[in-house]
Amino acid sequence: MYTITYSLRDNKNNSDDYYFDIALFTNEVLGKAQEFLGAYTDEYSSYIKAISPHDNTSKEEYFFELLILGVLWKVYSGDALELEKGPQHILSTLVSLRQKGGLLKPSIDAVRGFLSTIFLSPDLYDNMFTLSPAVKHLEILLNWLEATGEFKYEVARLTKWHKYIEIKPKEDAVNILASSIAFADWFEDKSDEFLGKYTPNVDRYLNEIRPSRYWNEDVIFCGRRRVEYHLNMVGAEIMNRAFKKAFQHTDKKLAVVPACMCISRDKCQAKPYGSGLSCIGCMKDCSVNKLKTLGHKLGFQVLIIPHESSLYSSWKKDSTIKEDVGIIGIACVLNLVSGGLMLKEVGIAAQCVLLDYCGCKKHWHQEGLPTEINERYMEKILLDP
Ligand code: SF4
Ligand code: SF4
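Residues numbered from 1 in each chain as written. Chains lettered and ligands numbered in written order. Predicted model: local features only at pLDDT ≥ 70, side-chain atom pairs only at ≥ 80, totals over all residues. Heavy atoms only, no water.

### What to know about the pairing of strand E6 (residues 350–354)
Here is step 1: Burial analysis of E6 places five of its five residues in the buried class, the great majority of the element.
Here is step 2: Along E6, one buried face is formed by Ala350, Cys352 and Leu354 and the opposite face, lined by Gln351 and Val353, is buried too.
Here is step 3: Where strand E5 (residues 325–331) meets E6, five bridges bridge the pair, whose relative direction is parallel. What sits directly across from Ile330, in E6, is Val353.
Here is step 4: Taking the sense of rotation as the criterion, the β-α-β connection linking E5, helix H12 (residues 333–345) and E6 turns out right-handed. (Buried < 20%, exposed > 50% of the residue type's maximum accessible area, 1.4 Å probe, protein only. Helix = DSSP H or I, 4+ residues; strand = E, 2+ residues; numbered from the N terminus. Pairing = 2+ DSSP bridges. Right-handed = clockwise from strand over helix to strand, strands pointing away.)

Put into structure tokens, the structure is as follows:
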């Protein structure tokens, strides 16, 4: 099958090897993180516990937060320096307005696409300039990330680090930032080696196809670099490990499925249900229908959502999603980590499953490729002790 950017199948029939590889590589990443970042995360954990005694964030999650910081610093800090206060303010305001939804959303998206291309769109390989590790530069980076609207939950986590770093002596602050950037350097090289076979076409996509996304609202989303794919892959594994116990203790399970898994959007007869749609099983070969059948066997329900943002914006009023429900969030690589961070923030126990490849018409493919997941991994999530 044609690979747009990534494929967990690596030219095989299934993605079983990917799940073996990602588990091994994540072990290596966490071991290395201890060397690079262990001292900082211990101290930060004590600081967070002092101000929020019930916070249950694990050390591994803090490692991941600093890895996010380092990777985003390397990829975007050069672009962040170029963003002036005026456009930054306008873009951040548009992001807030968009999150409220409503009839204005398409017009807001049109304006955001235009402004994002002019003021935010990374220069890809022409500009590999990165800012030096300094607290004032962290603020510049966070402002840029916020203005994109693509990193809401990453920004929330990193803002806490920013507050912490601000009160540290200057030398300590620089050391934390420099160590996370150095760790990201190590990660970029190693992840190419371990995970590169699963992201073979990201660079080709960025060079040849991504220019067609200019002036669109998804110009930043579709322009994510290869290292960010790897970051999200490792992040999904770290979060699944961290949230597993809480997920297992939930009474009910709900798989939240993106509409791109449906075999034919035009012919789909799914019925409105909660904040999404319920599959009625109208097509035997549809991946959603197969998942629904698996759900009958393993005891989970399936909810189709047009886009993950509809889940985020409506989870509070959705009777299908309550705190005793464990969510299995299914999405393509670039959406998973922000989704996982969001669910953690709102107190929902979640596990995530990556689409084996991306393919929706809105972002990735002219006609739209129906997407699929690894059902054996789904079973593992539900059955493994
Ligand atoms: S099987 Fe379900 S998801 Fe697939 S097309 Fe039919 S109703 Fe839609
Ligand atoms: S391919 Fe990714 S971005 Fe597109 S609908 Fe599916 S999960 Fe969402």
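That covers the picture; the talk isn't over yet.
### Describing the site of ligand 2
Here is step 1: Neighbouring ligand 2 are 13 residues; Cys260, Cys332, Asn335, Cys360 and His363 lie closest to it.
Here is step 2: Residue composition of the shell around ligand 2, grouped by class: nine nonpolar, three polar and one charged. (Near = heavy atom within 4 Å. Nonpolar A, V, L, I, M, F, W, Y, C, P; charged D, E, K, R; others polar.)

### Considerations on the domain arrangement of the protein
Here is step 1: On domain assignment, one finds that the protein holds domain 1 (16–234) and domain 2 (249–383).
Here is step 2: Measuring from the centre of the C-alpha atoms in domain 1 to the corresponding centre in domain 2 gives 25 Å.
Here is step 3: Between domain 1 and domain 2, the residue contacts involve 22 residues of the former and 19 residues of the latter.
Here is step 4: A buried area of about 2,100 Å², summed over both sides, lies between domain 1 and domain 2, and 60% of it is on carbon and sulfur atoms. (Domains from an automatic or database assignment. Contact = heavy atoms within 4.5 Å. Buried area = accessible area lost by both parts, 1.4 Å probe.)

### Re the pattern of salt bridges
Here is step 1: Tallied over the entire structure, the rule returns 26 salt bridges.
Here is step 2: Across the salt bridge formed by Arg157 and Glu65, the nearest N and O atoms sit 2.3 Å from each other. Of the two residues, Arg157 sits in helix H6 (residues 152–166) while Glu65 sits in helix H2 (residues 59–81), which places them 92 residues apart along the sequence.
Here is step 3: On the basis of relative accessible area, Glu65 is assigned to the buried category, the value being 3%.
Here is step 4: With a closest N to O distance of 3.5 Å, Arg112 and Glu217 form a salt bridge. Taken as a pair, Arg112 in helix H4 (residues 105–119) and Glu217 in the loop between helix H8 (202–209) and helix H9 (226–248) lie far apart in primary sequence, 105 residues in all.
Here is step 5: Because the salt bridges share partners, they merge into one network encompassing Glu61, Glu65, Arg157 and Lys344. (Salt bridge = Lys/Arg side-chain N within 4 Å of Asp/Glu carboxyl O.)

### Some words on the site of ligand 1
Here is step 1: Taken together, 13 residues are adjacent to ligand 1, and Cys268, Cys279, Cys282, Met283 and Cys286 come closest.
Here is step 2: When the residues that make up the shell around ligand 1 are grouped by side-chain class, the tally is 10 nonpolar, three polar and no charged.

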